[in-house]
Amino acid sequence: MTSPHVLIVGAGPTGLTAAVELARRGIMPVVIEKRKSVSNLSRAVGILPRSMDLLDPSGVAKSIRSEAVVFQWAIFHNRAKPMAFIQLNTLKDRNKRIFGLAQDRTEAHLRNAFIGLGGKINYGAELLSLSQNDTGISVSILGKAFRFDTVIGADGSTSTVREALHIPFNGYELPEVWSIADVDVRGWKNPRAFQSFILDHGGVVVVVPLEKSRFRVIANRPHALASLPVPMNVTRVRRAAEFKISVRQAETYQSGRVFLAGDAAHCHSPVGGRGMNLGIADAADLAERIVNGTTEGYHAARYPVGKKTIKLSEHARHIITSTHPAIRFFLRSFLHTTEHSPMLQRRFVKNALDL
Ligand SMILES: Cc1cc2nc3c(=O)[nH]c(=O)nc-3n(C[C@H](O)[C@H](O)[C@H](O)COP(=O)(O)OP(=O)(O)OC[C@H]3O[C@@H](n4cnc5c(N)ncnc54)[C@H](O)[C@@H]3O)c2cc1C
């Protein structure tokens with residue numbers, strides 16, 4: 001049997017994972033990326049154990065481990081006042097941690113692995129259209145026509161592949177504006193902790209370590225840094241941005257020999273830090289199926305996982321951003337009790353690590 005001719009649209013974490021996983025198993029895909037060069041956006045910051053396990057065979061997990069910050073604690077504050085300290089790195093397995101690393105660096109490790117396997121990323125190459133029949137898939141890239149046996153749409157939440165297939169992306173947009181700041185900081189207390197500050201009126205600000213003195217501040221309101229209820233000695237703002245969030249899932253992840261993975265198939269709020277990790281898992285699963293010839297089961301396997309992840313992320317978002325006094329009281333009591341209960345701490349760690 002000859003190897004399928006595979007096109008991957010998009011060189012974000014999902015497309016790059018699919019590329020590495022196919023290449024290391026002997027199928028060299030064509031990868032196109034509409035950006036002119038690599039991205040330097042640090043969107044996703046938490047790499048979860050399941051992703052590390054999936055990225056172990058290619059050696060990518062090892063190179064991520066050499067650079068990433070291991071989250072030691074989750075610390076919850078009621079406004080500025082510390083309320084609960086929960087230890088995160090209690091398990092023996094070296095992958096059973098949350099690794100903090102800016103998304104552009106995670107992509108760099110994936111990219112290096114793919115190039116090391118002989119792969120090439122075609123930058124400045126945008127997919128413009130796609131159609132398929134019984135004999136294959138026709139695509140137009142920068143106005144030129146090409147044929148492929150299989151296409152992976154890893155082209156993000158505004159996916160051209162999904163639109164070309166007329167697959168509905170059902171869901172809703174959250175009304176509030178969210179904000180992030182990527183900052184260098186001097187003298188931050190507990191630099192290895194993931195810290196949440198629960199504010200009044202449903203507000204929440206989170207500080208995540210990215211490097212020794214580099215942090216991500218994210219808030220569910222404008223001006224992330226100004227929302228932080230404690231002083232932070234910021235020496236450099238690398239990037240500050242505001243954004244809206246959609247919660248959506250594609251009605252199907254596959255149509256014929258064309259597949260959707262990552263944000264092209266699902267998107268939700270950053271609460272829980274699952275988005276990129278879910279895309280990595282989609283990509284690894286799909287690559288394995290392409291190699292084994294079992295792609296017909298891809299939607300059935302991955303759609304329910306996406307649905308459950310969106311549900312859990314939305315559930316957590318509703319709780320931490322609720323303005324309802326009873327839910328605020330429940331949240332504070334729960335965190336306080338968890339700090340003093342080994343059983344609840346174990347459960348918290350299991351959920352946070354998505355084990
Ligand atoms: C502020 C913020 C914080 C986040 N934090 C976390 C977190 O802590 N943990 C987590 O797991 N997730 C997090 N996420 C989500 C995470 O960033 C995404 O889930 C992840 O980037 C999805 O990867 P992807 O490869 O599927 O899509 P993308 O990263 O969007 O990559 C898609 C790529 O396809 C390219 N492309 C698009 N159209 C075409 C075309 N027609 N032709 C060629 N190329 C094309 C794009 O240029 C892009 O490079 C966060 C997101 C945001 C915005």
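Residues numbered from 1 in each chain as written. Predicted model: local features only at pLDDT ≥ 70, side-chain atom pairs only at ≥ 80, totals over all residues. Heavy atoms only, no water.

A. Main features of the site of the ligand. Around the ligand lies a shell of 31 residues, among which T14, E33, R43, D263 and M276 are the nearest. Within the backbone of P13, a nitrogen or oxygen atom sits 3.3 Å from an oxygen atom of the ligand. Side-chain polar atom of Q103 to an oxygen atom of the ligand: 2.8 Å apart, as the coordinates give it. Protein contact buries 89% of the 1,000 Å² of open area that the ligand shows by itself. Every element with two or more residues in the shell around the ligand is listed here: helix 1 (13-23), strand 2 (30-33) and helix 7 (275-292). The biggest single contributor to the shell around the ligand is helix 7, with three residues. (Near = heavy atom within 4 Å. Polar contact = N/O pair within 3.5 Å; in protein donor to acceptor, adjacent residues only side chain to side chain. Areas by Shrake-Rupley, 256 points an atom, 1.4 Å probe, with all protein chains shown as cover. Helix = DSSP H or I, 4+ residues; strand = E, 2+ residues; numbered from the N terminus.)

B. Representation of the sheet that holds strand 7 (residues 99-100). Read across the open sheet, the three strands follow the order 3-7-4; overall the sheet is antiparallel. Edge positions in the open sheet fall to strand 3 (46-47) and strand 4 (69-70), since each of these has one partner strand only. The sheet contact formed by strand 4 and strand 7 spans two bridges and is antiparallel. Looking at strand 7, one finds that V70 is bridged to F99. (Pairing = 2+ DSSP bridges.)

C. Spotlight on the packing of aromatic side chains. One pass over the full model with this rule turns up eight aromatic pairs. Between F76 and F348 the ring centres are 5.8 Å apart and the planes differ by 90°, which places this aromatic pair in the edge-to-face class. Taken together, the residues F76 in strand 5 (residues 73-78) and F348 in helix 10 (residues 342-352) connect sequence positions 272 residues apart. Note on F76: relative accessible area 10%, which makes it buried. The class of F348 is buried, set by a relative accessible area of 18%. Taken together, Y253, F259, Y298 and Y303 form an aromatic cluster joined through their ring pairs. For R162, the ring lying beneath its charged end belongs to F169, and the centroid distance is 3.6 Å. (Phe/Tyr/Trp six-rings, centres within 6.5 Å; stacked < 30°, edge-to-face > 60°. Buried < 20%, exposed > 50% of the residue type's maximum accessible area, 1.4 Å probe, protein only. Lys NZ or Arg CZ within 6 Å of the ring centre and 35° of its normal.)

D. Quick peek at helix 9 (residues 325-339). The first and last C-alpha atoms of helix 9 sit 21 Å apart over 15 residues, in line with the 21 Å expected at 1.5 Å per residue. Residues of helix 9 that are buried: R328, L331, L335 and T338. For helix 9, the arc enclosing every buried residue in end-on projection is 105°, short of the 170-degree limit, so these residues lie on one face. Within helix 9, the exposed residues directed more than 90 degrees away from the buried face are P325 and F329. Along its buried surface, helix 9 packs onto strand 5, strand 6 (81-87), strand 15 (193-198), helix 8 (298-320) and helix 10. (Expected span 1.5 Å × (residues − 1). Arc of directions from axis to C-beta. Contact = heavy atoms within 4.5 Å.)

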